[in-house]
Amino acid sequence: MEEYISIQQTEKKTSMRLTTKSRYGTRLILDLAVYGTEKPVPLSDVSKRQNISLKYLEQLSRKLRDAGIIKSQRGPLGGHMLAKTTNEVTIGNIVRILEESTAITDCAEQAKKTCGICNKAGECLSRWVWVEASRAMFDRLDKITIESLLTLDSISFNSNQT
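Basis of the calculations
- Residues numbered from 1 in each chain as written.
- Predicted model: local features only at pLDDT ≥ 70, side-chain atom pairs only at ≥ 80, totals over all residues.
- Heavy atoms only, no water.
- Phe/Tyr/Trp six-rings, centres within 6.5 Å; stacked < 30°, edge-to-face > 60°.
- Lys NZ or Arg CZ within 6 Å of the ring centre and 35° of its normal.
- Helix = DSSP H or I, 4+ residues; strand = E, 2+ residues; numbered from the N terminus.
- Axes fitted to C-alpha atoms, helices over the stretch in contact; angles between N-to-C directions.
- Parallel < 35°, antiparallel > 145°, perpendicular 65-115°, else oblique.
- Left-handed = near helix turned anticlockwise from the far one by under 90°.
- Contact = heavy atoms within 4.5 Å.
- Nonpolar A, V, L, I, M, F, W, Y, C, P; charged D, E, K, R; others polar.
- Salt bridge = Lys/Arg side-chain N within 4 Å of Asp/Glu carboxyl O.
- Buried < 20%, exposed > 50% of the residue type's maximum accessible area, 1.4 Å probe, protein only.
- Expected span 1.5 Å × (residues − 1).
- Arc of directions from axis to C-beta.
- Core = buried A, V, L, I, M, F, W, Y, C linked by side-chain atoms within 4.5 Å.

### Section: the packing of aromatic side chains
The relation between two aromatic rings is expressed through the spacing of the ring centres and the mutual angle of the planes. Enumeration according to the criterion identifies 1 aromatic pair in this entry. We note Arg49 situated over the ring of Tyr35; from NZ or CZ to the ring centre the distance is 3.7 Å.

Given below as structure tokens:
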């Protein structure tokens with residue numbers, strides 16, 4: 001079910017780590033922010049509105065609940081709501097929680113200077129690029145809050161596309 005934005009490195013697959021978990025998780029949080037202000041939202045409602053499998057939403061919501069981003073209520077009137085304000089939840093939070101990493105490539109994930117992931121281990125000067133790209137991506141994602149997305153209008157969205 002996961003889709004990967006991929007690049008190829010030697011013979012094994014290296015993924016940028018942005019899977020449907022991040023995209024669908026963001027859609028789940030946005031849905032809860034819109035529809036869950038007054039009462040908990042059943043995942044079945046989110047599933048219908050967002051066209052995302054209920055089973056997949058259950059997996060995502062479990063991780064987000066364990067991380068304190070959403071809260072759950074059981075019972076016939078149960079469902080999910082945000083546990084934090086929309087201004088406290090960033091896209092960076094969501095991606096870190098659901099992807100379980102802050103690196104866009106395998107070698108950027110390693111703590112050591114020489115990663116041992118590819119056939120250039122120990123002599124790869126490009127690793128710095130991927131470490132810096134990971135930092136830059138999360139620096140930007142950490143500045144995008146759910147609140148800012150909810151207030152984003154089509155004019156500002158279109159101006160950011162250039």
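### As for unusual backbone geometry
For Asn51, which is not a glycine, the phi torsion comes out positive at approximately 55°. If you trace the backbone, Asn51 turns up in the loop between helix 2 (43-50) and helix 3 (54-66).

### What about the packing of helix 1 (residues 20-35) against helix 2?
Contact pair helix 1 / helix 2: the axes reach a minimum separation of 10 Å and the direction vectors enclose 110°. On the basis of their axis angle, the class for helix 1 and helix 2 is roughly perpendicular. Crossing of helix 1 over helix 2 shows right-handed handedness. Where helix 1 abuts helix 2, its residues Arg27, Leu28, Asp31, Leu32 and Tyr35 lie against Leu43, Val46, Arg49 and Gln50. Within the contact of helix 1 with helix 2, the residues separate by chemical class into 5 nonpolar, 1 polar and 3 charged.

### Considering the pattern of salt bridges
Taken as a whole, this structure holds 5 salt bridges when the rule is applied. The partner of Asp31 in a salt bridge is Arg49, and the shortest N-O contact between them spans 2.7 Å. Remark: Arg49 occurs in helix 2 and Asp31 occurs in helix 1; sequence separation between them is 18 residues. Relative accessible area serves as the criterion here: at 35%, Arg49 is assigned to the partly exposed category. In this structure, Glu100 engages Lys63 in a salt bridge whose closest nitrogen and oxygen atoms are separated by 2.9 Å. Taken as a pair, Glu100 in the loop between helix 4 (91-99) and helix 5 (106-109) and Lys63 in helix 3 lie far apart in primary sequence, 37 residues in all. Overall, the relative accessible area of 58% leaves Glu100 in the exposed class. Classification of Lys63 as partly exposed rests on a relative accessible area of 28%.

### Describing helix 6 (residues 127-141)
Taking 1.5 Å of rise per residue, the 15 residues of helix 6 would be expected to cover 21 Å, and the 21 Å separating its terminal C-alpha atoms lies within 8% of that figure. Here helix 6 has its buried residues at Arg127, Val131, Ser134, Met137, Phe138 and Leu141. End-on view of helix 6: buried residues confined to an arc of 130°, all on one side of the axis.

### With respect to the nonpolar core
In summary, soluble globular proteins display a tendency toward joint burial of nonpolar side chains. Counting 27 residues, the largest nonpolar core has Leu28 and Ile29 as its most contacted members. Residue assignment for this core shows that the elements contributing at least two residues are helix 1, helix 2, helix 3, helix 4 and helix 6. The element best represented in this core is helix 1, accounting for 5 residues.

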